[in-house]
There are 2 protein chains.
Amino acid sequence: VPRVGTTQKSEEALEEAITALLPTEKSPLFKVAHSHFSQFGKLLRGRTAWAVSEAVTLSPACAQNWAVSIELMHNASLVHDDICDRDEHRRHHSTVFSSFGTPLAICFGDWLVARSFEAAYRATSQAPSAEARAAVPLLASSMINLSEGQAAEFTGKPILTWEAYDQVVAKKTIPLILTSITGPLLLAGADRYLPPAERASHAAGLAFQMANDMLDVLGQDGSAAAFNDLRRRAPNAVTVSFRSQLLNSNKAAFDAWMATPADDDIQPWVEQMLETSALEICTARLQEQLNICRQECDVLPVQIQSALTPLVTYLEHATTSVRARATDTARICV
Amino acid sequence: VPRVGTTQKSEEALEEAITALLPTEKSPLFKVAHSHFSQFGKLLRGRTAWAVSEAVTLSPACAQNWAVSIELMHNASLVHDDICDRDEHRRHHSTVFSSFGTPLAICFGDWLVARSFEAAYRATSQAPSAEARAAVPLLASSMINLSEGQAAEFTGKPILTWEAYDQVVAKKTIPLILTSITGPLLLAGADRYLPPAERASHAAGLAFQMANDMLDVLGQDGSAAAFNDLRRRAPNAVTVSFRSQLLNSNKAAFDAWMATPADDDIQPWVEQMLETSALEICTARLQEQLNICRQECDVLPVQIQSALTPLVTYLEHATTSVRARATDTARICV
């Protein structure tokens, strides 16, 4: 019960802190910003950052600034990615790209990045150790990974193997989850916990992305339709899992189809996909990463362990819900 | 002669430093980055930053990192602005937007921003004073201004008055010129020079933008055609100057035309514009800002004054060249 209380408190405080720094009515970004933040999303990265900060006894101001910084960077990447992917819906709401057009979505994403670095700087100046300064380049390096990971979707080949999939996730998903956990450790000078925290973040990031991918397939991710990733030939764990089950000529046919431009008819592949155990394989892999995450957490002080509870709980719920839906979907289709 | 030597040295060193940190062949941004930096542009902001850093005796490493940071942020804003403005040519070369498309241009701009903050952080850790840290939020605040200034072009009314024009320039052009001059002062702890340096930067920024605007009108700015700004109804000093000369019904007709979507026939207005003294008024205003800049520089130590020579010389040359061309253009048209 106290855990839920803390989590809820930090969620409200985070929403308030972000709202407080949004552009005022005079700014050309006022409408865009308030439309985007009419839905805050899960705030999972920010809440995790806040909880880890409290666990290592950073000041409330420092904790809040780092959490805000991570959430702003995450939202910047969403706003820019939605332009790249031409996504019109997120959080059951129109995207900035779709409501306000590409130019304002670019400007608002840039604005969020700048505010993110400002908040990160404030966190470092409120931290107890001089080494805390290294949190600024940590944030920058996450952003480098995010931009390269997103760029790979427009230059690289489609993602067909687990090896390629893990590389994409290491660029696109893990960095900000990692930074929300290792950032506060760095700010507090608690460097000795970094190696297990990094391994736990890596596993949590992989599990998180696989859960999201399954929600995309099941049409539960706030975008318009199921199989949005498959339609765009975007990286998705279920796609990789499905492909790993295909044999010879059928695998070659699928690879050829994946290499064609988007907006083709996905139905034949969707039907095949739902007949295989692609979703089950994914849930098993998700479970595996969740176990690794828990195992790595075991060596961390109990305060840090419980700080990771919101994230781990989310992943557990997602796994359970996804597994139930996957079974339902399979039952309907068979 | 030694001044030219230093300037040339810092130009080459800057190009090398930027090239050294570009993505390697494995990166999805390799081609984009090398295509963009096949032309470095004038490097005016970076060279100014470097020269001011030397004037206040920052270490070469610190000077270089701050100069690189400013140039990367400037290039990020160019890459993103070209998407917003759908500009296909810059520096007599295809833009990233036009050669590689919107998604890669967004990702590359983001990558440049992240690298810019990394370089700024390195500069602060190589600076002598602890207050040097404030250079990171200085860079962030420039970026906030740049993004809001760019956004205003897509939400606001067309820029018709000098007051509105000065506000746009204060957001879009002055911040990075200011940061290239005040950043090194902050890094060196030379805070007492900040007020006159800020006023000099403000005047230099206004002069710089007016010179650019006249080059747009004269078709000498590396974009495809003359009057590109007028075609897009984008802010331009010559447009404002022209409008200030119009009377009653003709002014109302021009305002109405400026409020219509772009791609209209600009020829009738271009002809009127060249018949007025719009260009001459602009050169006079440019000269005025140049004088203010020189005046403010007078109270600065002589080392800082000569550090601003590349920038002031550029503005002087631009003024002379623009004035000559304006006279030619007027002669042809009359």
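This one's a predicted model, so the numbers in the text were calculated from it and none came from an experiment.

Conventions and cut-offs
Residues numbered from 1 in each chain as written. Chains lettered and ligands numbered in written order. Predicted model: local features only at pLDDT ≥ 70, side-chain atom pairs only at ≥ 80, totals over all residues. Heavy atoms only, no water. Helix = DSSP H or I, 4+ residues; strand = E, 2+ residues; numbered from the N terminus. Rg over C-alpha atoms; globule rule 2.2 N^0.38 Å. Buried < 20%, exposed > 50% of the residue type's maximum accessible area, 1.4 Å probe, protein only. Axes fitted to C-alpha atoms, helices over the stretch in contact; angles between N-to-C directions. Parallel < 35°, antiparallel > 145°, perpendicular 65-115°, else oblique. Contact = heavy atoms within 4.5 Å. Nonpolar A, V, L, I, M, F, W, Y, C, P; charged D, E, K, R; others polar. Buried area = accessible area lost by both parts, 1.4 Å probe. Salt bridge = Lys/Arg side-chain N within 4 Å of Asp/Glu carboxyl O. Polar contact = N/O pair within 3.5 Å; in protein donor to acceptor, adjacent residues only side chain to side chain. Least-squares fit on C-alpha atoms with pLDDT ≥ 70 in both. pLDDT = per-residue confidence, 0-100. Core = buried A, V, L, I, M, F, W, Y, C linked by side-chain atoms within 4.5 Å. Phe/Tyr/Trp six-rings, centres within 6.5 Å; stacked < 30°, edge-to-face > 60°. Lys NZ or Arg CZ within 6 Å of the ring centre and 35° of its normal. 1 Å grid on protein atoms, 1.4 Å probe; cavity = no way out; pocket = protein on both sides within 12 Å on 5 of 7 lines; lining within 4 Å. Points joined across faces, edges and corners; volume = space filled by probe spheres on them. Expected span 1.5 Å × (residues − 1).

A. Broad picture of the overall build of chain A. Within chain A, the secondary structure is distributed over 17 helices and 2 strands. Relative to its length of 334 residues, chain A is compact, with a C-alpha radius of gyration of 20 Å against a globular reference of 20 Å. Principal axes of the C-alpha set define a box for chain A whose edges measure 60 × 50 × 35 Å. For chain A, the residues scored as buried account for 57% of the 334 residues in total.

B. Geometry of the packing of helix H7 (residues 135-155) of chain A against helix H9 (residues 174-188) of chain A. Residues and elements named next belong to chain A. The geometry of H7 relative to H9 is characterised by a closest axis approach of 10 Å and an angle of 175° between their N-to-C directions. Of the possible angle classes, the one that applies to H7 and H9 is roughly antiparallel. Counted together, Ala135, Leu138, Ser142, Asn145 and Leu146 of H7 and Pro175, Leu176, Thr179, Thr182, Gly183, Leu186 and Leu187 of H9 form the full contact between these two elements. Classifying every residue of the contact of H7 with H9 by side-chain character gives 7 nonpolar, 5 polar and no charged.

C. Structural view of the side chain of histidine 74 of chain B. Residue and element names in this part refer to chain B. Along the chain, histidine 74 turns up in helix H4 (residues 60-85). Look at histidine 74 and you get buried, because its relative accessible area is 12%. Once residues lying within four places of it in the same chain are set aside, the contact partners of histidine 74 are Arg45 and Leu176.

D. Spatial organisation of the interface of chain B and chain A. Between chain B and chain A, the contact holds 37 residues from the first and 37 residues from the second. Overall, the association of chain B and chain A removes approximately 3,300 Å² of surface from exposure, summing both partners, and the carbon and sulfur fraction of that is 76%. For the pair chain B and chain A, the number of links is 0 salt bridges. Seen at the junction of chain B and chain A, the total is 8 residue pairs in polar contact (both at pLDDT 80 or more). Taken together, the elements giving at least two residues each to the side of chain B that touches chain A come down to H4, helix H6 (102-125) and helix H7 (135-155) of chain B. Tallying contributions element by element places H6 of chain B first for the side of chain B that touches chain A, with 15 residues. Looking at the side of chain B that touches chain A, its residues break down into 23 nonpolar, 9 polar and 5 charged.

E. Expanded view of the pattern of salt bridges. The full count for this structure, using the stated rule, is 22 salt bridges over all chains. Its salt-bridge partner being arginine 90 of chain A, residue aspartate 82 of chain A comes within 2.8 Å of it at the nearest N-O pair. The class of aspartate 82 of chain A is buried, set by a relative accessible area of 4%. Note that glutamate 296 of chain B and arginine 199 of chain B form a salt bridge whose closest N and O atoms lie 3.0 Å from each other. Placement of glutamate 296 of chain B in helix H15 (residues 278-297) and of arginine 199 of chain B in helix H10 (residues 194-217) is noted, with a sequence separation of 97 residues between them.

F. Spotlight on the relation of the copies chain B and chain A. Between chain B and chain A, which share one sequence, the superposing operator has a rotation angle of 180° and an axial displacement of 0.0 Å; the RMSD is 0.0 Å. Read as a symmetry element, the transformation amounts to a two-fold axis. Of the interface residues in chain B, 100% have counterparts in chain A that sit at the interface too, so the contact is made through matching surfaces.

G. Focus on the confidence of the model for chain A. Residue and element names in this part refer to chain A. Model confidence for chain A is summarised by a mean pLDDT of 90, while 93% of its residues fall at 70 or above. The secondary structure element of chain A with the lowest average pLDDT is helix H17 (residues 309-333), at 76, and the one with the highest is helix H6 (residues 102-125), at 98. Here residues 1-5 scores under 50 on pLDDT; set against residues more than four positions off or in separate chains, the count is 4 contacts.

H. Representation of the nonpolar core within the structure. Trp66, Phe108 and Leu230 of chain A together with Trp66, Phe108 and Leu230 of chain B are the most contacted members of the largest nonpolar core, which totals 238 residues. With residues near it in sequence (within four places) discarded, phenylalanine 108 of chain B still touches Leu29, Val32, Ala33, His36, Phe37, Val79 and Val96 of chain B.

I. Inspection of the packing of aromatic side chains at higher detail. Residues and elements named next belong to chain A. Here the structure, examined in full by the defined rule, presents 21 aromatic pairs over all chains. For the ring pair phenylalanine 254 and tryptophan 269, a centre distance of 5.0 Å and an interplane angle of 70° mean the geometry is edge-to-face. Of this pair, phenylalanine 254 sits in helix H13 (residues 248-258) while tryptophan 269 is found in helix H14 (residues 267-275), placing the two residues 15 residues apart along the sequence. Across the pair, tryptophan 269 and phenylalanine 254 agree in class, each one buried. Its guanidinium or amino end placed over the ring of tryptophan 257, arginine 233 lies 3.7 Å from that ring's centre, counting from NZ or CZ.

J. Focus on empty space enclosed by the protein. Evaluated as defined, the whole model comprises 10 cavities of 30 Å³ or more. Space inside the largest cavity adds up to approximately 120 Å³. If you go around the largest cavity, you meet 14 residues; those closest to its centre are Ser77, His80, Leu146 and Ser147 of chain A together with Asp110 of chain B. For the lining of the largest cavity, the secondary-structure elements that each account for two or more residues are helix H4 (60-85) and H7 of chain A together with H6 of chain B. With 6 residues, the single largest contributor to the lining of the largest cavity is H4 of chain A. Of the residues assigned to the lining of the largest cavity, the class counts are 8 nonpolar, 4 polar and 2 charged.

K. Representation of helix H10 (residues 194-217) of chain A. All names here are of chain A. The end-to-end C-alpha distance of H10 is 34 Å, a good match for the 34 Å that 24 residues give at a rise of 1.5 Å each. Of all 24 residues in H10, 19 are buried; the element is thus mostly enclosed. Within two residues after H10, glycine 219 carries a phi angle of roughly 70°, on the positive side.

L. Quick peek at the environment of leucine 22 of chain B. Here leucine 22 of chain B is to be found in the loop between helix H1 (2-20) and helix H2 (30-36). Those residues in contact with leucine 22 of chain B that sit more than four places away from it in its chain are Ala33, His34, Phe37 and Trp111 of chain B.

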